[in-house]
Amino acid sequence: MESFTYCVRAGDVAHGGDVSSRVKSELKNRGLPEEIARRAGIAVFEGEMNLILYADQGGTVQVTIAPPAVEIEVEDEGPGIADVERALTPGYSTAPDWALELGFGAGMGLVNMRNQCDRFEIHSRFGVGTWIRCVIDRRSDAAG
Ligand SMILES: Nc1ncnc2c1ncn2[C@@H]1O[C@H](COP(=O)(O)OP(=O)(O)O)[C@@H](O)[C@H]1O
Ligand SMILES: [Mg+2]
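Residue positions within a chain follow its written sequence, with the count starting from 1. Key to labels: chains lettered from A, ligands numbered from 1, both in the order written. For a predicted model such as this one, the threshold for reporting local features is a pLDDT of at least 70, and the threshold for listing and counting side-chain atom pairs is 80 or more; totals across whole chains, interfaces and linings nevertheless cover every residue. Hydrogens and water molecules were not included; the side-chain quantities draw on all heavy atoms of the structure.

Re the site of ligand 1
Here is the rule: The near set for a molecule or strand comprises every residue that places at least one heavy atom within 4 Å of it. For the purposes of these results, a polar contact is taken to be a pair of N or O atoms within 3.5 Å, where, inside protein, one atom must be able to donate a hydrogen and its partner to accept one; residues adjacent in sequence count only when each atom of the pair is a side-chain atom. What sets the accessible areas is the Shrake-Rupley method with a 1.4 Å probe; for residues, cover comes only from the shown protein chains. Runs of H or I in DSSP of at least four residues are treated as helices and runs of E of at least two as strands, each being numbered from the N terminus. By the convention adopted, Pro, Cys, Tyr, Trp, Phe, Met, Ile, Leu, Val and Ala count as nonpolar, Lys, Arg, Asp and Glu as charged, and the other residues, Gly among them, as polar.
Taken together, 16 residues lie near ligand 1, and Tyr54, Asp76, Ser93, Thr94 and Gly107 sit nearest. Separating an oxygen atom of ligand 1 from a backbone N or O atom of Gly105 is a distance of 3.5 Å. In the model, an oxygen atom of ligand 1 is placed 2.9 Å from a nitrogen or oxygen of the Leu110 main chain. Relative to its free-state accessible area of 530 Å², ligand 1 is covered by the protein chains to the extent of 93%. Put simply, the parts of the chain that give the shell around ligand 1 at least two residues each are helix H2 (34-54) and helix H5 (109-116). Class assignment for the residues of the shell around ligand 1 results in 7 nonpolar, 8 polar and 1 charged.

Let's talk about the sheet that holds strand E3 (residues 69-76)
Put simply, the test is: Pairing between strands is defined by DSSP: at least two bridges between them are needed. In this description, a line fitted to the C-alpha atoms serves as the axis of each element, helices being fitted only across the stretch in contact, and the angle between N-to-C directions of two axes falls anywhere from 0 to 180 degrees. Here, two residues are considered to be in contact whenever any of their heavy atoms come within 4.5 Å of each other.
Ordered in space as E1-E2-E3-E5-E4, the 5 strands form an open sheet in which the pairing is antiparallel. Each edge of the sheet is formed by a strand with only one pairing partner; in this case those strands are strand E1 (2-8) and strand E4 (119-125). Averaged over neighbouring strand pairs, the angle between their axes works out to 10° when direction is ignored. Where E3 and strand E5 (residues 129-137) come together, 8 bridges link them in antiparallel fashion. Residue pairing for E5: Asp76 is matched across the bridge by Thr130. Relative to the sheet, helix H1 (residues 18-29) contacts E1, strand E2 (59-65) and E3, its axis offset from that of E1 by approximately 165°.

As for the packing of aromatic side chains
Let me state the cut-off plainly: Two rings from Phe, Tyr or Trp (for Trp, the six-membered ring) form a pair when their centres are within 6.5 Å of each other. A pair whose planes differ by under 30 degrees is stacked, one over 60 is edge-to-face, and the rest are tilted. For every residue, the accessible area (1.4 Å probe, protein chains only) is compared with the maximum for its type, and the residue is labelled buried under 20%, exposed over 50%, or partly exposed between those bounds.
Going through the model one piece at a time under the given rule, you end up with 1 aromatic pair. Note on Phe4 and Tyr6: the rings are 6.5 Å apart at their centroids and 20° apart in plane angle, and the pair reads as stacked. You can call Tyr6 buried: its relative accessible area is 9%.

Considering unusual backbone geometry
Cis geometry marks the peptide bond from Gly78 to Pro79, where omega comes out at 20°. Position of Pro79 among the secondary structure elements: in the loop between E3 and helix H3 (84-87).

Now the structure itself:
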């Protein structure tokens, strides 16, 4: 089992996508199938963009490669999500105008993330923070 942790800075749009690119290469370098690297890349991208756009102090992305699965955890310390159900509704977004102008804020990030995973959990407390776990099963990939 191997684990990597990446820090994502609040507001750092210029580096949006860096962590997901890194994660994809790490997975491919270890011989995991393209398909798993691609799914993990999408999930991490959405997670890191949300840290950049919404988390007051940024947050962390942790990726664990274990024999049965690749696990992605995205964590921050606020502001938290008042209504998680609503945040998971396709098209719902509170992205600020400057983010919309850059092409973000389609309100599909969390849905997209959930769709890449075999198991998805999100826990958030308004005023406290958000924790997301996304698990992608490896089943019988060659690098097993
Ligand atoms: N880490 C987070 N902290 C606080 N709010 C968040 C976080 N991630 C998502 N949200 C809220 O959930 C909404 C939906 O997120 P998402 O599905 O990624 O779409 P988008 O980023 O395009 O708005 C965001 O607009 C924001 O209001
Ligand atoms: Mg998003």
